[in-house]
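Examining the three-dimensional arrangement
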Amino acid sequence: MQIDAKLQEGIAAHREGDLQTALAAYKEVLTTDPDHADGLHFLGLLHFDAGKPENAIVLIRKSIEQNSKNASAYNNLGNILKLTDEQDQALEAYVRAVEIEPRHEEAWSNINVLLEGASNNDDLLPILTEIVRLDPDNPNAWHNFGLSLMLAGKRDEAADALERCLEFGADVWSDPVWHARVLCSLGRQDRAVGHLEKIVAANPDDTVARYQLAAVRGDTLDQAPEDYVKEHFDSFSESFDEVLRNLGYRAPELVASEVSELAEQKGTTYADVADLGCGTGLCGPLIRKHCDRLTGIDLSPGMLKKADALNVYDFLVEGELVGFLNSDLPTQFDLAVCVDTLCYLGDLQPFMQALFAALEPGGMLIASVEHLSDPTGPDYKVDPTGRYAHTPEYLKRSAETEGLSYTKEKPVVLRKELGKEVHGLIFHLSKPRKT
Ligand SMILES: C[S@@+](CC[C@H](N)C(=O)[O-])C[C@H]1O[C@@H](n2cnc3c(N)ncnc32)[C@H](O)[C@@H]1O
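Notes on the structure follow. (Residues numbered from 1 in each chain as written. Predicted model: local features only at pLDDT ≥ 70, side-chain atom pairs only at ≥ 80, totals over all residues.)

**Quick look at helix α7 (residues 105-117)**
The end-to-end C-alpha separation of α7 is 19 Å, in line with the 18 Å expected for 13 residues at 1.5 Å each. For α7, every residue scored as buried is listed here: Ala107, Trp108, Asn110, Ile111, Val113, Leu114 and Leu115. Close packing links the buried residues of α7 with α5 (71-83), α6 (87-100), α9 (139-151) and α15 (240-246). (Helix = DSSP H or I, 4+ residues; strand = E, 2+ residues; numbered from the N terminus. Expected span 1.5 Å × (residues − 1). Buried ≥ 20, exposed ≤ 12 C-beta atoms within 10 Å, placed from the backbone. Contact = placed C-beta atoms within 7 Å.)

Spelled out as C-alpha cells, the structure:
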C-alpha cells in the first residue's frame, strides 16, 4: 500500500514537471522493491524527460520483463525507440502493445504513422491478420491491415480491407477522406466517389471532402481551393513534421542544398528571400545563413504558428502566395524558394507572372514539384491525393512566357508514400538582369 502511495506521489510530481521529487519517489519505490514494474516504467519515462533516452529504453525493457502485459509500457518504449531512429524496433513495440490491448488507440496510430513511411512489413502482416480475425469490429486494426497489405503489394486484398473501413462511418477517422483517396489509387474509384458523395451530402460545407471528391472524380480544376489548403494544413500542422520525417521527406534539404551551392558561387548572402508556402518552416533553418532577411508566406495559420516558433523568419505573412507576390511589396526578392507547394497549384501561369514582378532583376526561384512524366499528355494533372504534378516542358514554357529563364532541372525523389517513391524535380528560374 505504502509503495503504491509513493509511486503515485512520484507520478503526480512528474506530471507537474518536478523531476527531482519524482526521482526521489521512484527511487524509494525501487529501493523497497527493485523489480517493481511500474516503478521501473516511470523511472524510465523520467530518464527520457531528462534527456537520457538510452537509460529510458533499458529501464522500460526491465519493467516489461517484470510485467509483459503492460501495453502502455510497450507503447512508450515504441515512442522512445522511434525518436532514437530505431523504427523497426519501435514498430515491434507498438505491435506488441496492440496484441496485448487491441483497442490501444495511441499504439494503432503510431503503427499507422510508421507503416505510411515503411517499404516492407513482412513480419507484421501475419500478426495483423490474426488481430482482425480476433477483433473484426476494430476500425484501427482494419485500417492498418489494409496499409500492411498495400505494402506487401496485395492490392485487391488491401482494397477489400480499406473498403471495410468505410463501413465504420466517417466520424471514426481523424482524416475521413483518406480511405477514399487510397481506394481510388487502388482502382476502386466508384467506391471512393460514392463514399465521398455521402460525406459531402451530409455536410455540404466540408471543403476538404468537396475538393477530395473533385480530385477523385478527375474534375478539371486549376488549383486546390484556398479554403481546402487552409483547412487541410491547419488540421495537419501539429503532426506535419513527424509524419513527413517518417515519409523520408527530403524536399527542403534538396532545395536548401541548391541554395547553398548558389550562395557559395555568389560569395555573398541574399538580401531578401521569400519562402513561398513555408509551412512549418522546414526549409527556413537550412537556408537562414544565406539570407539577410527571410520572409515566409503561407495560407495556413496553424503551419505559420509552427514556423514562428523556430525564430528563423524575419517576417511571416498569412496569405495566398500569388496574391502576395502581386501585392505592393516593400522590396523585390533576390531569391525565392517554393518547396512542395506548387503541387497545390495546377495552372502556373498566374504564379509565373506574379513571380516575375516580385523578383528583382537577376533574382532567382528554386522550387520543387512532383514530376508528371508524359510529355504528350496534359501540362499538369491532379492525382487522387489532391496534389498536382507538372511536366518539365510546362514549367519551362510557362516561365518563359512571362520572361523568366528556366536555368536548371534536376530529377529527385521527394519522399516515400505507401511504399513507393514520389518522383519530383527541383528547378531553377531566373529573371534576366537589366540590359
Ligand atoms: C506540403 S506543405 C510544404 C511546406 C514547406 N514548404 C515544406 O517543404 O515543409 C505545402 C504548404 O503550402 C501551403 N500552400 C499551399 N498552397 C498555397 C498557396 N496558394 N498560397 C500560400 N500557401 C500555400 C500550405 O498551407 C502548406 O503549408
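**A word on the site of the ligand**
Around the ligand, the surrounding shell holds 19 residues, and the nearest of these are Gly277, Gly279, Leu321, Val339 and Tyr344. For the shell around the ligand, the elements supplying multiple residues, two or more each, are α14 (226-236) and α16 (251-266). Class assignment for the residues of the shell around the ligand results in 12 nonpolar, four polar and three charged. (Near = placed C-beta within 6 Å. Nonpolar A, V, L, I, M, F, W, Y, C, P; charged D, E, K, R; others polar.)

**Comments concerning the sheet that holds strand β4 (residues 333-338)**
Taking strand neighbours across the sheet as the criterion, the seven strands line up as β3-β2-β1-β4-β5-β9-β8 in an open arrangement whose pairing is mixed. Of all the strands in the sheet, the pair left with one neighbour each is β3 (315-318) and β8 (405-417). Each adjacent strand pair in this sheet contributes to an overall mean axis angle of 15°, direction not counted. Across five bridges, the pairing between β4 and strand β5 (residues 359-370) is parallel. The residue bridging Val337 from the neighbouring strand is Ile366, located in β5. Packing against the sheet, α16 makes contact with β1 (270-276), β4, β5, β8 and β9 (420-430), and its axis sits at approximately 150° to β5. Packed on one face of the sheet, helix α21 (residues 392-401) meets β5, β8 and β9 and runs near 140° to β8. (Pairing = 2+ DSSP bridges. Axes fitted to C-alpha atoms, helices over the stretch in contact; angles between N-to-C directions.)

**Some words on the pairing of β1**
Regular strands have side chains that alternate between both faces of the sheet. The buried count for β1 comes to six of seven residues, which makes it a mostly enclosed element. Sheet topology note: the β1/β4 ladder contains three bridges and is parallel. Its bridge partner being in β4, Asp275 is matched across the sheet by Val337.

**Remarks on helix α20 (residues 349-358)**
Among all positions of α20, only Phe351, Met352, Leu355 and Ala358 are buried. The arc enclosing the buried residues of α20, seen along the axis, measures out at 130°, which places them on a common side. Contacts made by the buried residues of α20 are with α19 (321-326), β4, β5 and α21. (Arc of directions from axis to C-beta.)

Geometry only, nothing functional implied.
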